[in-house]
Amino acid sequence: MASSIVIISAILEDPLADPEAVSVEQVEGASVIALRGEHDLSTGPAIEAACDSAWAHSSSIVFDLAGATFIDSTVVGVMVSARRRAAESGGAVAVVAPAGGPPARVLTLVGINDVLPLRETRDEALRTISAPG
Amino acid sequence: MAALVAVLCELAIALPFLVISPNTVRGVPGPLLVVIGVAASYLLGPWFGVPVTAVGVVLAVTIVGENAWAAPLVWLPVSAGAGIVGDQVRHGDELRRELIEELRRGLVGIYRDPAVGRLNVVSRYIPAVSAQRIAGDFYGAVVQPTGDVAIMVGDVAGHGPAAAALATRLRAMWRGLAVAGVSDSETVSALNETLLAEQQRIASQIPFATLCLATVAADLRSAQIVIAGHPPPILVTERGTHEDTHPPGPAIGISATSTWEPHPLALPDDPWSLVVYTDGLVEGRTAPDGPRPYGRDRLLPMLAAFAVPIGEDDVDAVLRSVQDANGGALPDDVVLITASPR
C-alpha cells in the first residue's frame, strides 16, 4: 500500500522520471555518483544532493557518466564545484566518460579535461583518484 | 471613484439577499460581503478594500441582520492587514520584475542599430522559459579604434540572479577592454582573473563561464577567433558552412594558469555570414518527445541552405525550427548572432 503510494506520487511528479537517474554508491575509499539518461538544470539539485551524501562518506568522488545520454553546463558546473571542494579537502574527482560519447563531447568542448580527468571505465577512474599526482 | 464603484457593486450583490427573506439566508450574506471586502483589500490594496469591508460590515449588521457589532467590526483591521500584506506582495513582485528586466538589459548589446562598423550584426536573445529562471547568456558587438569589429558571446554556467549579475559584469568589462583595443586573448585572461577573484571574494556559486570572441578586421579579409570552452563560430558562404575546428581553450573561472590563443579565420571575397551562438540553441530536443541534444549536426545544413548574407528572417527561421523540434520554448537561454559585411 505504502509503496504503491510512493510509486503513484513519483508518476504524478514526472511520468518520465527514472528513479535511478542519479545514484550514489560507496566503493573502496570513494563515492561513485552514477548518472543515467538526460541531465540538466532540472536534475541539478538531485546531483548536488548526491554530492552532499557522497562528501559525508569520503573526500573523493567518481562521476560515472557512462549511462548519461545528455548533460548540460549545469552538470559540468556541479562537477567543477565538486573538484574545487575535493582539492580543498585533499581528495580528488574523476569522471567516467567514454571517448566520443555525449558527456565526453560536452566536457571536451568546455575544455575542462585538464582539471577533471576523463576515464573510459569506472575502474580506471577509481585508480586515478587513489593515485593522485 | 474606484471605491464608489466597489460600494455600488457590493450593494448590487447585497440586493438579492434583501429581497429574499433574511430568515432563510441569515448568516450567509454578511460574512460573504465581508470576505469580498477582505479579498479586495488583499488584491487591490487597503485604500480600496477597507471601505468595501466597512460597507460589508454595515450591511451585515444593519440590513441583513447580524446580532451584534463587535464580531463584524473585527474584520476592519483584518481587511487593513490583508491589504498591507497584499501591497507588500505586489511591491515585491514589481521589484522582482524590474530587477529581472534590468539584469536582462545588462546582458545584451547597448545599441539596437544592426550596423556596427562595416558589419551588419543581427542578434537575438531568447530568455529561458520561465521569467523566474533568469540565466547567464550575454553578448555584445563594438567597433574598435582600428575599425575592427569585436563580437562576443558568453554563457555563465548556472542560473538565477547570481549568474545574471556576474554575466552583466563580465559583459561590461569585455566592452571596456574591447573599445580600448585590448587583444582578445588578453581580454579573456582578464575576464578569467576577474571570475576567479569573484569566486574567492563572494564564495560565488558560479563554477565557470564560456566565451567566444570574434574580431573581424576592418578590411573584412580575416577574423581572429578566441574560444574559451564555447561552441565555435560558423562561417557561412555560398559554398556551405565552415566550423572553426581549432581545439577550444578552457572555460574561464577554472584555472589561473589557463591561456588562450587566437586563431585566424580567412574570410572570402564573396558574401559571408559569421554565426555565433550559445549552447542553448543546440541543446533542445530533436523532436518533441525525442532525445537531446538537437546538436550542431542539424544546425549546419539549415544554415547552409540560406542565401548569404543571412538576414533577420533567416535568424528567426532558425530559432523557430529549433523550438518546433523541441516541441515548444527551449529549456535554456539562447543567443544567436550573425555578422555579415554591409
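Residues numbered from 1 in each chain as written. Chains lettered and ligands numbered in written order. Predicted model: local features only at pLDDT ≥ 70, side-chain atom pairs only at ≥ 80, totals over all residues.

Participant: Tell me what's going on with the overall build of chain A, and back it up with residues and numbers.
Facilitator: Across its full length, chain A holds five helices and five strands. Secondary structure elements of chain A occur, N-terminal to C-terminal, as α-β-β-α-β-α-β-α-β-α. Evaluated residue by residue, chain A yields a buried proportion of 43% over its 133 residues. Counting only contacts in chain A whose residues sit at least 6 apart along the sequence, the fraction spanning at least 24 positions is 65%. (Helix = DSSP H or I, 4+ residues; strand = E, 2+ residues; numbered from the N terminus. Buried ≥ 20, exposed ≤ 12 C-beta atoms within 10 Å, placed from the backbone. Contact = placed C-beta atoms within 7 Å.)

Participant: Got a sec to walk through the pairing of strand β3 (residues 61-71) of chain A? Specific residues and values, please.
Facilitator: All names here are of chain A. Sheet analysis places strand β2 (residues 30-39) next to β3, joined by eight bridges and oriented parallel. Opposite Arg36, over in β3, you have Gly67 as the bridge partner. When β3 meets strand β4 (residues 93-96), the two strands line up parallel, connected through four bridges. In the strand pairing of β4, Phe63 is matched with Val95. In this view, the connection linking β3 to its parallel neighbour β4 by way of helix α3 (residues 73-88) has right-handed handedness. (Pairing = 2+ DSSP bridges. Right-handed = clockwise from strand over helix to strand, strands pointing away.)

Participant: Go over the interface of chain B and chain A, please, and point to the residues and values.
Facilitator: Each side of the interface is counted separately: chain B has 22 residues, and chain A has 17 residues. The biggest single contributor to the side of chain B that touches chain A is strand β4 (residues 149-159) of chain B, with four residues. For the side of chain B that touches chain A, a count of residues per class yields eleven nonpolar, six polar and five charged. (Nonpolar A, V, L, I, M, F, W, Y, C, P; charged D, E, K, R; others polar.)

Participant: Pulling in residues and values, what's your account of the sheet that holds strand β7 (residues 234-237) of chain B?
Facilitator: Residue and element names in this part refer to chain B. On the basis of which strands lie adjacent, the open sheet formed by six strands has the order β1-β2-β11-β10-β7-β8 and antiparallel pairing. Taken across any chain shown, the strands that pair with only one partner, and hence form the sheet edges, are β1 (115-116) and β8 (240-243). When β7 meets β8, the two strands line up antiparallel, connected through four bridges. By the bridge assignment, Ile234 is partnered in β8 with Glu243.

Participant: Report on the environment of Val78 of chain B, specifying residues and quantitative values.
Facilitator: Its place among the elements puts Val78 of chain B in helix α6 (residues 75-107). For the pair Val78 of chain B and Ser189 of chain B, spaced 111 residues apart in the sequence, the C-alpha separation amounts to 59 Å.

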